[in-house]
Amino acid sequence: MKIALIYETKQVYHSGQYFLYAFQQLGHKVEHFDLNSLKDIPKTYDLYLRTDDGYYNFIWPQDIKERSTYWICDTHLKKPAKKMRKLSHSFGKCFFAHYTSGIKTLSKIKNFSEDFYWLPFACDPQIHASLQKKVNIEPIYDIAFVGNEGNIPRKFILHELRERYTKSYIGYADFRKMGTVYSYSKIGFNYSINNDLNPRIFEIMITGRMLITNNINDSKFLELFKNRENIVVYNNVEELFSLIEYYLKHEDEREAIALKGQSLVLSQHTYLHRAQEILKVCGLQ
Amino acid sequence: MRPAVIFVERGWGGCKEYAKELVIKEYSPGLIIKGKLEQNILALIRKDPRITIIDVREFLFKIFIFFKIMQLNCNQKGLVVVTKEKTAAWLKFFKKYKDFELQLLNEKTQNGKIVYQTQDII
């Protein structure tokens, strides 16, 4: 099958790339096109997948509408959500990553129940878990967080973690090194903004390190994961620090949660699974 | 002790570390944060009694800066630190009327650690 992937290459870290690898692994012929070459894309592809890269000023060719899909991610952010809702009319099928905000933003669209599907973020074992625990990596960091500081209150919590746990990695890292950072840590930290089920959750879990995250108010969150079984959830900062202290001291419990989390994402939440889901929904499998 | 006020619009770690550095240099620093914080977060960051931390609602932030600058004592040359170039450009105007040192603080993370640098605005 011939698949065209459309996303901006200006962004270093982008999930479109993961889909490219995933479709290739499934044996399909995949080609990537930049958003500014939209007019020149041949009309001969079986499937066109546009992934959310933060660029919304484009006109999608309507002669390929039926074979076009759009993976909508930033529905938890007001402005992008509004723009993507408008753009979604140009695609045959749409997928949305955040369940609650996706429903809120998109459910008023006429054909929502037929043509819109929930497709959460995932991880890529080749990229995010290149250093698996089987090579017996000794953690050198207590806590790891890869990403930007964010705004209130995330930046304050992150700096507090930095001050309390001096052996930590908190900050930016190239997406190819992200897995290595988490692999060398005891605990991977997540703070989700606006209740988004963000990619960091999956990226930490696949490295075989324990994920500690804030309680995400997305109805699918606790459907996908189980607190204290494959992830650890905190409800406030006081609880966060007491849980970190506890799990840093109780290695066996921490490892058990981490391993369960890793096997869960490997079996259900890789981009390979997501690519298969897209093909299934589009009737191409 | 010379007064120092850091207006935090961007980042946080670098500003906090710089405030600690200013304490050692015998300043009495105050951190003014743009945006309201929840009580538990304020309690978390207000641990050092030598550093005053105030959170100000976004729409009042500029007015707050203005009053803070007006409050600076003429006998003691104060230090004003900002994190945005736009704010620095705005405050440069006040330097004609008030004598204070103005600095722009830039912060980033490097290998998982906070690094920051300050630049004098003349």
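Each chain carries its own residue numbering, running from 1 in the direction its sequence is written. Just so you know, chain letters begin at A and ligand numbers begin at 1, following the order they were written in. Only residues with pLDDT of 70 or above have their local features reported here, since the model is predicted, and side-chain atom pairs are shown and tallied only from 80 upward, although totals for entire chains, interfaces and linings are computed over all residues.

**A look at the nonpolar core**
Joining buried Ala, Val, Leu, Ile, Met, Phe, Trp, Tyr and Cys residues through C-beta atoms within 7 Å gives a set, and that set is a nonpolar core. With C-beta atoms placed from the backbone, a residue is labelled by how many other C-beta atoms lie within 10 Å of its own: buried for 20 or more, exposed for 12 or fewer, partly exposed between the two. Counting residues in each nonpolar core, the largest one holds 96 residues, and the members touching the most others are Ile72(A), Ile143(A), Ala144(A) and Ile6(B). Distance between backbone-placed C-beta atoms decides contact: two residues are in contact if it is within 7 Å. Beyond its immediate stretch of four places on either side in the chain, Ile72(A) contacts Asp52(A), Met84(A), Ser88(A), Cys94(A), Phe95(A), Phe96(A), Ala97(A) and Gly102(A).

**Overview of the sheet that holds strand β6 (residues 113–121) of chain B**
Within a sheet, each strand pairs with its neighbour through backbone hydrogen bonds, oriented either parallel or antiparallel. All names here are of chain B. In space, the six strands of this open sheet follow the order β3-β2-β1-β4-β5-β6, with mixed pairing throughout. Strands at the two margins of the open sheet, each flanked by one partner only, are β3 (52–56) and β6. Neighbour-to-neighbour, the strand axes of this sheet turn through a mean angle of 25 degrees, independent of strand direction. Strands were regarded as paired on the criterion that DSSP finds at least two bridges between them. Runs of E in the DSSP output that reach at least two residues are strands. Runs of H or I that reach at least four are helices, and both are numbered from the N terminus. Alignment of strand β1 (residues 2–8) against strand β2 (residues 27–34), held across seven bridges, turns out to be parallel. Paired with Phe7 across the two strands is Ile32, which belongs to β2. Angles shown run from 0 to 180 degrees and are taken between the N-to-C directions of axes, each axis being a line fitted to C-alpha atoms and, for helices, limited to the stretch in contact. Packed onto the sheet, helix α4 (residues 85–94) meets β1, β4 (78–82), β5 (100–110) and β6 and runs at close to 175 degrees relative to β5.

**Topic: the pairing of β4(B)**
Residue and element names in this part refer to chain B. Most of β4 sits inside the fold, with four of its five residues counted as buried. Both β4 and β5 contribute to a ladder of five bridges, which runs parallel. Bridged to Val80 within β5 is Leu102.

**Remarks on the domain arrangement of chain A**
Residues and elements named next belong to chain A. For the domain bounds, the source is a domain assignment made automatically or taken from a database. The domain boundaries assigned to chain A delineate domain 1 (2–122 + 271–281) and domain 2 (125–268). Distance from the C-alpha centre of domain 1 to the C-alpha centre of domain 2: 27 Å. Taken residue by residue, the interface counts 13 residues in domain 1 and 14 residues in domain 2. Elements with a contribution of two residues or more to the side of domain 1 that touches domain 2: α1 (15–25) and α3 (99–106). Considering only residue class, the side of domain 1 that touches domain 2 consists of eight nonpolar, five polar and no charged. Each residue gets one of three labels, nonpolar for Ala, Val, Leu, Ile, Met, Phe, Trp, Tyr, Cys and Pro, charged for Asp, Glu, Lys and Arg, and polar for the others, Gly among them.

**Details of the interface of chain A and chain B**
Contacts between chain A and chain B engage 16 residues on the former and 15 residues on the latter. The set of elements that each furnish at least two residues to the side of chain A that touches chain B consists of α6 (154–164), β8 (168–171) and α10 (237–249) of chain A. Ranked by residue count, the leading element in the side of chain A that touches chain B is α6(A), at five residues. The residue makeup of the side of chain A that touches chain B, split by class, is seven nonpolar, four polar and five charged.

**What about unusual backbone geometry?**
For the peptide bond that leads from Ile152(A) to Pro153(A), omega is 0 degrees, which places it in the cis range. Within the fold, Pro153(A) resides in the loop between β7 (141–146) and α6. Although it is not a glycine, Asn194(A) adopts a positive phi angle of roughly 50 degrees. Among the secondary structure elements, Asn194(A) is positioned in the loop between β9 (185–190) and α8 (199–205). Phi at Glu26(B) is positive, roughly 65 degrees, even though this residue is not glycine. For Glu26(B), the location among the structural elements is in the loop between α1 (13–24) and β2.

**So, the confidence of the model for chain B**
Parts of the prediction with low pLDDT should not have their coordinates interpreted in detail. Every residue carries a pLDDT, the predictor's confidence in it, which falls somewhere between 0 and 100. With 98% of its residues at a pLDDT of at least 70, chain B reaches an overall mean of 94. Taken over the whole predicted complex, pTM reads 0.92, whereas the ipTM for its chain interfaces reads 0.94.

**Remarks on the environment of Val81(B)**
Relative to the helices and strands, Val81(B) resides in strand β4. Between the alpha carbons of Val81(B) and Val5(B) there is a distance of 6.2 Å; along the sequence they are 76 residues apart.

**As for the sheet that holds β8(A)**
Residues and elements named next belong to chain A. Spatially, the five strands line up as an open sheet ordered β8-β7-β9-β10-β11, and their pairing is parallel. Each of the sheet's edge strands pairs with one partner strand only, and the pair in question is β8 and β11 (232–234). Neighbour to neighbour, the strand axes of the sheet diverge by 25 degrees on average, direction disregarded. The sheet contact formed by β7 and β9 spans three bridges and is parallel. Bridge pairing links Ile143 to Ile187 in β9. Sitting on the sheet, α10 is in contact with β7, β9, β10 (210–214) and β11, with an inclination near 150 degrees to β11. Here helix α11 (residues 251–268) sits on the sheet and contacts β9, β10 and β11; the angle it forms with β10, its principal contact strand, is near 85 degrees.

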